[in-house]
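Coordinate inspection notes
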Amino acid sequence: ARFDNGEMHVELQTPVEGADCAVLGTLSPPERNLGELLLLCDTLRRHRARSVLAILPYLAYARQDRLETHRSLGAAWV
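Within every chain, residues take consecutive numbers counted from 1 along the sequence as written. At least 70 in pLDDT is required for a residue's local features to be given in this predicted model, at least 80 for side-chain atom pairs to be given and counted, and no such filter applies to totals for whole chains, interfaces and linings, which use all residues. Hydrogens and water molecules were not included; the side-chain quantities draw on all heavy atoms of the structure.

A word on the side chain of Glu36. If you trace the backbone, Glu36 turns up in helix α1 (residues 30-46). Every residue in contact with Glu36, bar those within four places of it in the chain, is listed here: Arg2 and Met8. Runs of H or I in DSSP of at least four residues are treated as helices and runs of E of at least two as strands, each being numbered from the N terminus. We call two residues contacting when some pair of their heavy atoms lies within 4.5 Å.

All right, on to the side chain of Asn33 then. Turning to its location among the elements, Asn33 is positioned in helix α1. Setting aside its immediate chain neighbours within four residues, Asn33 contacts Thr26, Leu27 and Ser28.

Glancing now at the environment of Tyr58. For Tyr58, the position within the fold is in the loop between β2 (51-55) and α2 (74-77). Tyr58 sits in the partly exposed class, given a relative accessible area of 37%. Separated by 29 residues in sequence, Tyr58 and Pro29 place their C-alpha atoms 9.7 Å apart. Relative accessible area decides the class of each residue, using a 1.4 Å probe on protein chains only: under 20% of the type maximum gives buried, over 50% gives exposed, and in between gives partly exposed.

This brings us to a nonpolar patch on the surface. The patch calculation keeps residues exceeding 30% relative accessible area without a salt bridge and links them within 9 Å when they carry like charges or within 5 Å when they are nonpolar (Val, Leu, Ile, Met, Phe, Trp, Tyr). Note that accessible areas follow from Shrake-Rupley with a 1.4 Å probe, and for residues the cover is restricted to the protein chains shown. Salt bridges are defined as contacts in which a side-chain nitrogen from Lys or Arg sits within 4 Å of a carboxyl oxygen from Asp or Glu. A cluster of nonpolar residues, Leu59, Tyr61, Trp77 and Val78, forms a patch on the protein surface that exposes about 460 Å² of accessible area. Mapped onto the elements of the fold, Tyr61 is located in the loop between β2 and α2. You can call Tyr61 partly exposed: its relative accessible area is 30%.

Attention shifts here to the pattern of salt bridges. Overall, the coordinates contain six salt bridges when judged by the stated rule. Between Arg66 and Asp65 there is a salt bridge whose closest N-O contact spans 3.2 Å. On the basis of relative accessibility, which here comes to 57%, the residue Arg66 falls in the exposed class. With relative accessibility at 44%, the residue Asp65 sits in the partly exposed group. One connected set of salt bridges, linked through shared partners, spans Arg2, Arg32 and Glu36.

Next up on the list: the environment of His9. By the secondary structure assignment, His9 is in the segment before β1 (20-24). With a relative accessible area of 28%, His9 lands in the partly exposed category. Those residues in contact with His9 that lie beyond four places of it in its chain are Ala1, Arg2, Phe3 and Leu39.

Now for the nonpolar core. Residues Val16, Cys21, Val23, Leu27, Leu37, Cys41, Leu44, Ala49 and Ala60 constitute the largest nonpolar core, which totals nine residues. If you list the elements that add at least two residues to this core, you get β1 and α1. Top element by residues in this core is α1. It accounts for three residues. The contact partners of Cys41, leaving out residues within four places of it in the chain, are Val23 and Val52. Throughout, nonpolar core names a set of buried Ala, Val, Leu, Ile, Met, Phe, Trp, Tyr and Cys residues whose side chains join them through atoms within 4.5 Å.

Here it is, written out as structure tokens:
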């Protein structure tokens, strides 16, 4: 859900303690969806999911996977 100011918040509908969890999502556009994905994954871990697997058909920043002079390494952050 979202607060009035647009911030997303996550509320789990079922206990996840000890469960293997999979999150299906996309990182397109990454400026919006990366934060949402991380918030959900963090919530699952904090509620003691045994593991969290992200299934991402589109991996943002994949083109930034090599260290080059004066360029960002975005894939390392993701």
